[in-house]
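Structure at a glance
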Amino acid sequence: MKRRSLAPETPADSAETSLCEALAGLSTVEEMRAFLHDLCTPAEIEVMVDRWRVVPHLLEGRSYREIHERTAVSITTIGRVARYLNQGNGGYMAAAARRNGGGAA
C-alpha cells in the first residue's frame, strides 16, 4: 500500500467509494475501457487482464500448470487469484456470474 507523508483531503474509504460509484455508473464496455485506460498504466491493465484471464480456468477446475500453459500467466498469479476466489470478498465470483449471464452471485 502506498504511504503518504501528507494526509489527503478526502479519506481513503470515501475516495474508494467514489471510485466504485464511478465504475458502477459506466454502462458500456467502451466506457469502461476508456476509463481504465485513463485511470491505469498499461502495466496495471496487463496485471488485471492476466488475473481475470485465469478465472474461467480456475472455475472449470483446471490445474495451475495447465492454466499457465494456456494463458502464460505465472503460477504465482494463478495461485493469488485462486486464493481470492476461495477466500476473498466474492468479487471475482460476482463478476464471473454476471459475465456468464447469471446475475449477481
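Quick caveat: nothing in here was measured; it's all calculated off a predicted structure. (Residues numbered from 1 in each chain as written. Predicted model: local features only at pLDDT ≥ 70, side-chain atom pairs only at ≥ 80, totals over all residues. Heavy atoms only, no water.)

1. Looking at the confidence of the model for the chain
- Here the chain averages 90 in pLDDT, while 87% of its residues score no lower than 70.
- Mean pLDDT values for the elements of the chain range from 92 in helix H1 (residues 12-25) up to 98 in helix H4 (residues 64-71). (pLDDT = per-residue confidence, 0-100. Helix = DSSP H or I, 4+ residues; strand = E, 2+ residues; numbered from the N terminus.)

2. Here we look at the packing of helix H3 (residues 42-59) against helix H6 (residues 91-99)
- Contact pair H3 / H6: the axes reach a minimum separation of 11 Å and the direction vectors enclose 80 degrees. Classified by the angle between their axes, H3 and H6 sit roughly perpendicular to one another. Between H3 and H6, the contacting residues are Arg51, Trp52, Val55 and Leu59 on the first element and Tyr92, Met93, Ala95, Ala96 and Arg99 on the second.
- Residues of the contact of H3 with H6, tallied by class, amount to seven nonpolar, no polar and two charged. (Axes fitted to C-alpha atoms, helices over the stretch in contact; angles between N-to-C directions. Parallel < 35°, antiparallel > 145°, perpendicular 65-115°, else oblique. Contact = heavy atoms within 4.5 Å. Nonpolar A, V, L, I, M, F, W, Y, C, P; charged D, E, K, R; others polar.)

3. Quick word on the pattern of salt bridges
- By the definition in use, this model includes four salt bridges.
- Of the charged contacts in the structure, one is a salt bridge between aspartate 50 and arginine 53, with a shortest N-O distance of 3.0 Å. Here aspartate 50 and its partner arginine 53 are both found in helix H3, three residues apart, which amounts to about one turn of the helix.
- Its relative accessible area of 22% is what places aspartate 50 among the partly exposed residues.
- A salt bridge links glutamate 60 to arginine 62, with the shortest nitrogen-to-oxygen separation between them at 2.3 Å.
- Of the residues examined, arginine 62 reaches a relative accessible area of 22% and is grouped as partly exposed. (Salt bridge = Lys/Arg side-chain N within 4 Å of Asp/Glu carboxyl O. Buried < 20%, exposed > 50% of the residue type's maximum accessible area, 1.4 Å probe, protein only.)

4. Some details on the nonpolar core
- The biggest cluster of nonpolar side chains holds ten residues, and these are Val54, Val55, Leu58, Ile67, Val73, Ile78, Val81, Ala82, Leu85 and Ala96.
- Mapped onto this core, the elements with two or more residues apiece are H3 and helix H5 (75-87).
- Per-element tally for this core: the top contributor is H5, with four residues.
- Those residues in contact with valine 55, other than ones at most four positions away along the chain, are Val81, Leu85, Tyr92 and Ala96. (Core = buried A, V, L, I, M, F, W, Y, C linked by side-chain atoms within 4.5 Å.)

5. As for the side chain of histidine 57
- Note on placement: histidine 57 falls in helix H3.
- Owing to a relative accessible area of 16%, histidine 57 belongs among the buried residues under this scheme.
- Sequence-distant contacts of histidine 57, that is, excluding residues within four places in its chain, are made with Arg62, Ile67, Arg70 and Thr71.

6. Regarding unusual backbone geometry
- A positive phi angle, near 65 degrees, is found at alanine 72, a position not held by glycine.
- With respect to the secondary-structure elements, alanine 72 resides in the loop between H4 and H5.

7. Topic: the environment of threonine 71
- Residue placement: threonine 71 occurs in helix H4.
- Each C-alpha atom of the pair threonine 71 and valine 54 lies 7.3 Å from the other, and the pair is 17 residues apart in sequence.
- Among all residues touching threonine 71, those that are not within four sequence positions of it are Arg53, Val54 and His57.
- Here isoleucine 67 takes part through its backbone oxygen, which lies 2.7 Å from a polar atom of the side chain of threonine 71. (Polar contact = N/O pair within 3.5 Å; in protein donor to acceptor, adjacent residues only side chain to side chain.)

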